[in-house]
Structure formats: structure tokens, C-alpha cells
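Overview (structure and organization)
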Amino acid sequence: MADAPASARQLLDFYLEAGADALIGEEPVDRFAEPAPVSRTVPAAPAPSKPDRVPLVPAAAPAPAAPDAAATEAREAARSARTLDELRAILERFDGCALKATASRLVFSDGNPDARVMLVGEAPGRDEDIEGVPFVGRSGKLLDLMLAAVGLDRSSVYIANVVPWRPPGNRTPTPQETQICLPFITRQIELADPDILVCLGGPSAQTLLGQSGITKIRGRWFNYTTGTREIRAMPTFHPAFLLRSPLQKRFAWRDFLAIKKALGG
Ligand code: URA
């Protein structure tokens, strides 16, 4: 028993390393003890002979709205926003994305909505979830340094994410979650109406530009249609990747110089 606190800490460390750093309920849930889901099309099987049999398949989590219905609702809701403030208010009320239930808050934007440059990341992390502001953690600090290196700061750029709620444990958003959030970020870009769009990292470039292979596409200019006009868009490395691979910073530096040049400076 004397080891209990130490092993509890080891277990917590294990969870943290596995990315489970968010509490989503007060009571532990033994999902293996819940009944297996019953198919709607196949008649229910007769009751098992052993009543205490543990199902091999864990029960599904409470189902959010069907993804197609949520995506349709998202498209209609996003289209109805006439200003960025309205879009934020609509997102605050939108329940179609399951990530909202596990995130602490909406992370909508930072910086200057009138700026000529808009940067779009993938999804908020832990620090962003706590503060409700994009790119405020370690990668945000690096982003600030990269901006400063070309004479920009948060008063001269507008910042958002493809997905505005933190995925639990910073996991990658699922394709469905991204699809549901897509109408909101595209409307956000349309309403902010920047001259230059910068996709921070592969997932942002994939979602917004339909381009994959960040190492190959970074630093190249693409056309992005906002809905009202065509603007220039450039994918570059995500600052979180640069923290892990500092040698790649020289390429990001080139990209930011090209962005600065495109701004005419
Ligand atoms: N990474 C992102 O993609 N966005 C943030 O806001 C923070 C980290």
C-alpha cells in the first residue's frame, strides 16, 4: 500500500504521455461493462446464457447528430452569418460537432480581422483551450517570433483554426469533425477577406487548398477562392513541427519572407 501514491502517479504519467490530459467526466465509466449496441436491422439475439457476460465490443459513446445532418446544419448556419461577430455567436450555439462537448471553450480567432494576412492552423491545443485564443502555447510563441522576423505581429495578421474546439488529448481531428467545421472556417475567411491566406501545416493546407505533402507544397503559391474573389494562399510548416524539427525553420523563414514580399514590403 505504501507504493499506492507512486503507482498512481505513474499511471497518471502514463495517461499524460498517451495524450489523455483532459478530464471529461467526474465518474469513471467502465465501457466494457455496458451492454453491446443492438443493431437496428438485425433482430436482437436471444439473451446470453450467462447474464454477467462482458461484451467484447465496447458500447459506442452517446451519438452526436448524424455527420451528414450536422454538416448540412453547419453549412446553413455559416452561410447565415453576415459578420465575424455573428459567425462567432453562431458557433457558440452550434452543437453539431462532438468536440464542443469535450473542449473547455470555443477558440475563434486572434489578431486583426482587417489584416491583409490570415493564418489558419489545424485545431487548438491545451493552452488555447484554456485561454480561448489560438496559438498562445509554445507553438504560438514560435509563431510570434516568426512573424516578428518579417515585421509582422498580431495587429497585422488575423489568426484562426480549421477546427475551433480542442480535440481531447490534442488528437488529430477526425475527417468527419473537420468536414463539419469546414463551412465555418471558409465563411470566416470570406468575411475576414484577407489578401493572403497562410495555411499552417499539412492538415490546414489539405483542408483549405486540397493539397497534400507539406514538404513538397510549402512555399508555393496557390489560388484560394473565398466565395467572393480569388486570393493567394501559401502553405508553410506548422510551428509545432518546427519545434520538433528546428532545422526546417530556414524553410519557414523563406516562406515568411515571400509572404512579406507579396505584401509589398
Ligand atoms: N496548433 C494549432 O494548429 N492551432 C492552435 O491554435 C494551436 C496549436
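See the structure printed just above.
An account of the accompanying structure is given in this report. In this text the structure is predicted, and so the values were computed from the model without any measurement.

This part covers the sheet that holds strand 4 (residues 196-200). What the six strands build is an open sheet, ordered 1-3-2-4-6-5; its pairing is mixed. Pairing within the sheet leaves two strands with one partner each, and these edge strands are strand 1 (110-111) and strand 5 (222-225). The strands touched by helix 8 (residues 202-209) are strand 2 (117-121), strand 4, strand 5 and strand 6 (230-236); relative to strand 4, the strand with the most contacts, the crossing angle is about 130 degrees.

Relative to the helices and strands, Ala 69 resides in helix 2 (residues 67-80). A residue is classified by how much of its surface remains accessible, and Ala 69, at 44% relative accessible area, is partly exposed. C-alpha separation for the pair Ala 69 and Gly 96, spaced 27 residues apart in sequence, amounts to 8.3 Å.

Turning our eyes to something else, we now look at the pairing of strand 2. Counting buried positions along strand 2 gives five out of five residues, so the element sits mostly inside the fold. By the alternation rule, side chains of strand 2 split into Val 117, Leu 119 and Gly 121 and Met 118 and Val 120, which are all buried. Note: strand 2 against strand 3 (residues 157-161), five bridges, orientation parallel. Paired with Val 120 across the two strands is Ala 160, which belongs to strand 3. In this structure, strand 2 lies alongside strand 4, joined through four bridges in parallel fashion. From the neighbouring strand, Leu 119 faces strand 4, where its bridge partner is Val 198.

Let us look at the packing of aromatic side chains. Two aromatic rings, taken as a pair, are described by how far apart their centres are and by the angle between their planes. Under the definition given, this model contains two aromatic pairs. Ring centres 4.9 Å apart and planes at 65 degrees place the aromatic pair Phe 94 and Phe 184 in the edge-to-face group. Within this pair, whereas Phe 94 is found in the loop between helix 3 (84-93) and helix 4 (99-102), its partner Phe 184 is found in helix 7 (residues 175-192), the two being separated by 90 residues in sequence. Comparing Phe 94 with Phe 184 shows no difference in burial state: the two are buried.

As a further point, take the nonpolar core. Nonpolar side chains tend to gather and get buried jointly when the protein is soluble and globular. Of all hydrophobic cores here, the largest spans 62 residues; its most connected members are Met 118, Trp 165, Phe 184, Ile 185, Leu 197 and Leu 208. A total of seven residues in this core trace back to one element, the largest contributor, which is helix 7.

If you check the shell around the ligand, you find Gly 121, Glu 122, Ala 123, Pro 124, Glu 128, Pro 134, Phe 135, Ser 139, Asn 161 and His 238 and nothing else. Between an oxygen atom of the ligand and a main-chain N or O atom of Phe 135, the distance comes to 3.0 Å. Here a nitrogen atom of the ligand and a side-chain polar atom of Asn 161 are 2.8 Å apart. Compared with its free state, where it exposes 230 Å², the ligand has 92% of that area covered by protein. Using a 2 Å cut-off from the grid points, one finds that the ligand occupies the second largest pocket. Class assignment of the residues belonging to the shell around the ligand gives a composition of four nonpolar, four polar and two charged.

A complete count under the given rule lists ten salt bridges for this structure. The salt bridge involving Asp 144 is made with Arg 154; its shortest N-O contact spans 2.9 Å. Residue Asp 144 is located in helix 6 (residues 138-149), and its partner Arg 154 is located in the loop between helix 6 and strand 3; the two are separated by ten residues in the primary sequence. The residue Arg 229 makes a salt bridge to Asp 193 at a minimum N-O spacing of 2.8 Å. Of this pair, Arg 229 sits in the loop between strand 5 and strand 6 while Asp 193 sits in the loop between helix 7 and strand 4, and the two are 36 residues apart along the sequence. The class of Asp 193 is partly exposed, set by a relative accessible area of 34%. Taken together, the shared-partner salt bridges in this structure form one network comprising Arg 116, Asp 193, Asp 195 and Arg 229.

Below, the discussion takes up the layout of surface pockets. Looking at the second largest pocket, its volume works out to about 780 Å³. Within the residue set of the lining of the second largest pocket, elements represented by two or more residues are helix 5 (126-131), helix 6, helix 8, helix 9 (214-217) and helix 10 (239-244). The biggest single contributor to the lining of the second largest pocket is helix 10, with four residues. Of the residues assigned to the lining of the second largest pocket, the class counts are 13 nonpolar, ten polar and seven charged.

Rules used throughout
- Residues numbered from 1 in each chain as written.
- Predicted model: local features only at pLDDT ≥ 70, side-chain atom pairs only at ≥ 80, totals over all residues.
- Heavy atoms only, no water.
- Pairing = 2+ DSSP bridges.
- Helix = DSSP H or I, 4+ residues; strand = E, 2+ residues; numbered from the N terminus.
- Contact = heavy atoms within 4.5 Å.
- Axes fitted to C-alpha atoms, helices over the stretch in contact; angles between N-to-C directions.
- Buried < 20%, exposed > 50% of the residue type's maximum accessible area, 1.4 Å probe, protein only.
- Phe/Tyr/Trp six-rings, centres within 6.5 Å; stacked < 30°, edge-to-face > 60°.
- Core = buried A, V, L, I, M, F, W, Y, C linked by side-chain atoms within 4.5 Å.
- Near = heavy atom within 4 Å.
- Polar contact = N/O pair within 3.5 Å; in protein donor to acceptor, adjacent residues only side chain to side chain.
- Areas by Shrake-Rupley, 256 points an atom, 1.4 Å probe, with all protein chains shown as cover.
- 1 Å grid on protein atoms, 1.4 Å probe; cavity = no way out; pocket = protein on both sides within 12 Å on 5 of 7 lines; lining within 4 Å.
- Sits in = over half its atoms within 2 Å of the grid points.
- Nonpolar A, V, L, I, M, F, W, Y, C, P; charged D, E, K, R; others polar.
- Salt bridge = Lys/Arg side-chain N within 4 Å of Asp/Glu carboxyl O.
- Points joined across faces, edges and corners; volume = space filled by probe spheres on them.

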